[in-house]
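Summary of structural features
Single-letter residue listing:
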Amino acid sequence: EVGEMRIGCPGFRPCLVVLQVKLNRCDSNLYISMKLKAAAEPITIGILAVNEDSAVHGLIVQLPLDSIHRINIQRVTQCIAPEKDVDGLNSVNAGKLARGDLTGCFIPCTPSGCMELIAQTGVNIAGKNAVVIGRSKIVGAPMHDLLLWNHATVTTCHTMTPDLPAQVSRADILVACAGKAELVKGEWLKKGAVVIDCGINHIPDRSRPSGARVVGDVDFPSALTRAAFITPVPGGVGPMTVAMLMENTVKSAKKFLKAFQPGKWPIVYTKINRQHPQPSDGEISQSCAVKPISSLSSEVGLLSSEVEAYGKSRGKVQLDVLKRTEALPNGKYVVVTGITPTLMGEGKTTTALGLAQALGAHLNMNAFACLRQPTHCNTVNVTGGGYSQIIPMEEDRLNLLVASEIMAVLSLSSSLEDLQQRLSKIIVAQPQSREPVTVKDLGVAGMLNMILKDAIKPCLMQTVEGTPVFLHTNPLCDIAHGNSSILSDKIALKLVGPDGFVVTEAGWGADIGLEKFFNIKCRSSGLQPDVVVMVVTVRGLKMHGRVPSVSIFTVWDNLQLLEVGCSHLRKQIENSRAYGLPVVLAVNTFSSDTGAELDMVCQQARLAGALDAVCCTHWSDGGAGAVALGMAVQSAAETPHSFNFLYSLEIPVQEKITVIAQKMYGAKDVVLSTKAMEKVTLFTGQGLGNLPVCIAKTPLSLSQDPEVMGIPRDFILSVEDILANAGAGFLCPLVHSVSLMCVFDTFLG
């Protein structure tokens, strides 16, 4: 049978773990006492670890538990996962046996072995009188159930049963499992009875080297004269019990293999019940069933010890998972960006979630979404919408101050150690004639690290279709890079496996958020994306095609207006392709869009170099509305590509700013104020000149003027000042008129 199993899965072999507890040492007993006071028996920790080990198919706990402390055996057996409970002691398996579901459970090994021994006698159990002496949960009670469901008339005897010899004398089949040496005498037996002796008892015997010998519950010599069949002790039921244990383990392994798909999560997605007309986002969120976080985390390969539940629907993931999965290959890495956003939004987050749902629930790929976590200061929902949103909506908020460098540090850190090093480098004061004063100089880096020890753990939630999502950190996209955390991406990439997909989002348009994603985040993480998804709406392009003298409301349906706006689309596709990656266009469609408009946008995108262009309806249809996008992304991820950064860190600071301004924004030139030039000299002298730059400018235009849409021409980018975010690891040039607390960041996400 093992050979047959290896045909589909080479190297596979059934695995059984026997957990034995031996705790009579004084030091162990003291340890156990402390654990019991904390209401956590250490044996359950070992059981839970085996439960979650996919390489183990069977688990038994050696009973009785060898400890001077009383341990609740029922609690221990209840910890064993029913699908690995090859001893059949868990209440799930016992309950199924009690109600006659013999094929849907594991039958305890000793009773199962007894039934096999009876079958080998050739005696038909149906209609026979059967007596079971003993009612233990391990042998007596399940033996009664097995005989009963095989149509015997069963009597169970125990210490309170009167006239035991009379009960035994009526038995066609006797199973003795009382644990009392030679309790049953031969003269009690019915002539021709089948006797199964499960007893293992030690009695004194000076003739033996050990001073004792093993006997059963039945007096074997006298029983031989009356029984038609009788099992010896030792050598009868014991070996058969072991055989049944092996059979149950193989049965468990077969069941595992039947459902096993190499590299695929055993995840159950939620089918959405779409309503017409479509309810509000809040109503959809409230109507959707939410999987318990324990179920979701188990489905995606997280161990219970790696997830701290925060209520029923979200959990914090321990960073130890990266150590456990260090040797595993990463999955495919997809970043979602967009055109320069308009006040109505383009739907990048909704598209990212719809894509993740399509890849997972509809294309059967392991798929994770990694997004920035919204804050309580957000006035609108920025975790998707319609049937592509994160649920529960009311539990996705973050309490930290997002405008601080600390948020950027948290987002770019790869470990607790890295976090502390970055916190230490934060500049808190910059005297003109001295070196900067840092957090390390103040001696508070360790304290800050302790404060953030929970904040550094990604938050696990889910979409309306049950697709896993990491929400983690929310750095602004002006004075910071505007992307979710490196840690959430790294953990997700390990969990999805080499054939899976991680979908993340870059804030604002490709000129700003995507540029910072590549040149700042990817430099820090060492990760290389595989595909860029560009999100666009017809109405957004029309706004980019408008001229100042004409109201947008009077020309809303004009194809000529859309064609003008497509020049902006072509520029952003050019920006996205500058990093050597394939670009797929996702048109987030609305009911007001016409076929001619959608065709024009897709055609213009392909002419601009997009590998593919597809229309999506994920807002109204969930993942089903983004299946075409998912297939396009799958295909794009397989195309040969070579990722590259926009600029080298070795070039001067001013040149870095110029490269970004000219290549991404289309600026004619860059002018630095006297103050900004002084900062360049200062920071270069302090050894910060080799850091990437994070330009803070308006997100509403390629230029520094938020009123100018489309493709601005011949403009000069004016840099007024430069900040040093040494902890985050970048310099921040401030463009003329930019606000450090940009209100549009919380509005546009």
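Keep in mind the model is a prediction, meaning the values are calculated, not measured. (Residues numbered from 1 in each chain as written. Predicted model: local features only at pLDDT ≥ 70, side-chain atom pairs only at ≥ 80, totals over all residues. Heavy atoms only, no water.)

**As for the overall build of the protein chain**
Just so we agree on the cut-off: Numbering of helices and strands runs from the N terminus, with a helix taken as a DSSP run of H or I at least four residues long and a strand as a DSSP run of E at least two residues long. Burial classification: accessible surface area is computed with a 1.4 Å probe over protein chains only, and a residue below 20% of its type maximum counts as buried, one above 50% as exposed, and the rest as partly exposed. For this analysis, residues touch if any pair of their heavy atoms sits within 4.5 Å. Per-residue and other accessible areas were derived by the Shrake-Rupley procedure at a 1.4 Å probe size, with only the shown protein chains allowed to occlude residues.
The number of helices and strands found in the protein chain is 28 helices and 26 strands. Relative to its full complement of 749 residues, the protein chain shows a buried share of 55%. Summarising the internal contacts of the protein chain: among those between residues at least 6 apart in sequence, 73% fall at separations of at least 24. When the accessible surface of the protein chain is split by element, carbon and sulfur atoms take 56% of a total near 32300 Å².

**A word on the packing of helix 6 (residues 109-120) against helix 10 (residues 237-259)**
In plain terms, the rule: Each axis is a line fitted through C-alpha atoms, taken for helices only over the stretch in contact, and angles between the N-to-C directions span 0 to 180 degrees. Between 65 and 115 degrees an angle is taken as roughly perpendicular, under 35 as roughly parallel, over 145 as roughly antiparallel, and anywhere else as oblique. Throughout, a crossing is termed right-handed when the near helix is turned clockwise from the far one, and left-handed when it is turned anticlockwise from it by less than a right angle. Residue polarity follows a fixed list, in which Ala, Val, Leu, Ile, Met, Phe, Trp, Tyr, Cys and Pro are nonpolar, Asp, Glu, Lys and Arg are charged, and the others, Gly among them, are polar.
Viewed as axis vectors pointing N to C, helix 6 and helix 10 meet at an angle of 110°, and their least axial separation amounts to 8 Å. Of the possible angle classes, the one that applies to helix 6 and helix 10 is roughly perpendicular. The way helix 6 lies across helix 10 gives a crossing that is right-handed. Contact residues: Cys109, Thr110, Ser112, Gly113, Cys114, Glu116, Leu117 and Gln120 in helix 6; Val237, Met240, Thr241, Met244, Leu245 and Asn248 in helix 10. Taken together, the residues that form the contact of helix 6 with helix 10 break down as 7 nonpolar, 6 polar and 1 charged.

**Brief notes about the side chain of Lys516**
Going by this rule: All tallies of charge rest on Lys and Arg as positive and Asp and Glu as negative; His and the ends of each chain are not included. Every case where a carboxyl oxygen of Asp or Glu lies within 4 Å of a side-chain nitrogen of Lys or Arg is listed as a salt bridge.
Assignment of secondary structure puts Lys516 in helix 20 (residues 510-525). Within the buried core, Lys516 has no salt-bridge partner, and the shortest N-O distance to an opposite charge, that of Glu515, equals 5.9 Å. In contact with Lys516, other than residues within four places in its own chain, are Cys477, Asp478, Ala480, His481, Asn483, Lys521, Cys694 and Ile695.

**Comments concerning helix 27 (residues 674-685)**
Put simply, the rule is: In this analysis, the expected span of each helix is defined as 1.5 Å times one less than the number of residues it contains. In this description, one arc is meant: the one made by directions from the helix axis to the C-beta atoms.
Helix length check: helix 27, at 12 residues, gives a terminal C-alpha distance of 17 Å against a target of 16 Å (1.5 Å per residue), a fit within 8%. Within the sequence span of helix 27, burial applies to Ala676, Lys679, Val680 and Phe683. Seen from one end, helix 27 has its buried residues packed into an arc of 105°, which puts them on one side. Seen from the buried face of helix 27, the exposed residues on the opposite side, beyond 90 degrees, are Thr674, Glu678, Thr681 and Gly685. On its buried side, helix 27 packs onto helix 26 (653-665), strand 24 (669-672), strand 25 (716-725) and strand 26 (730-735).

**A few points about the layout of surface pockets**
Rules: Every definition here rests on a 1 Å grid over the protein atoms only: cavities are sets of points where a 1.4 Å probe fits but cannot get out, pockets are open sets enclosed by protein on both sides within 12 Å along at least five of seven lines, and lining residues have some atom within 4 Å of a point. Grid points are joined across faces, edges and corners, and a volume is the space filled by probe spheres set on the points.
Roughly 1700 Å³ of volume is contained in the largest pocket. Along its surface, the largest pocket is lined by 48 residues, and Glu52, Ser54, Phe256, Pro266 and Ser298 are the ones closest to its centre. Here the element with the most residues in the lining of the largest pocket is helix 10; it accounts for 4 residues. Classifying every residue of the lining of the largest pocket by side-chain character gives 23 nonpolar, 15 polar and 10 charged.

**Quick notes on the sheet that holds strand 24**
Let me state the cut-off plainly: Two strands make a pair as long as DSSP finds a minimum of two bridges between them.
Across the sheet, 3 strands lie side by side as 24-25-26; this open sheet has mixed pairing. Each edge of the open sheet is held by one strand with a lone partner, namely strand 24 and strand 26. Each neighbouring strand pair of the sheet contributes to a mean axis angle of 45°, computed without reference to strand direction. Judged from the 6 bridges that link them, strand 25 and strand 26 form a sheet pairing that is antiparallel. Paired with Val719 across the bridge in strand 26 is Val735. Helix 26 contacts strand 24, strand 25 and strand 26 of the sheet and is inclined by roughly 140° relative to strand 24.

**Things to note about the pattern of salt bridges**
Enumeration according to the criterion identifies 19 salt bridges in this entry. Taking the shortest distance from any N to any O, the salt bridge between Glu308 and Lys457 comes out at 2.6 Å. Of this pair, Glu308 sits in strand 10 (residues 307-309) while Lys457 sits in the loop between helix 18 (445-451) and strand 18 (459-463); the two residues are 149 residues apart in sequence, bridging distant segments of the chain. Using a relative accessible area of 23% as the deciding quantity, one classes Glu308 as partly exposed. The shortest N-O distance in the salt bridge between Asp721 and Lys675 comes to 3.4 Å. Residue Asp721 is located in strand 25, and its partner Lys675 is located in helix 27; the two are separated by 46 residues in the primary sequence. Overall, Asp721 belongs to the buried group, its relative accessible area being 11%.

**Here's the deal with the confidence of the model for the protein chain**
As a reminder of what qualifies: Confidence scores per residue from the predictor, reported as pLDDT, run from 0 to 100.
Scored by pLDDT, the protein chain has a mean of 89; 90% of the residues are at 70 or more. In this model, residues 24-40 is a region of pLDDT below 50 whose contacts with residues beyond four sequence positions or in other chains number 20 contacts. Within the model, the stretch residues 741-749 combines pLDDT values under 50 with 30 contacts to residues more than four positions away or in other chains.

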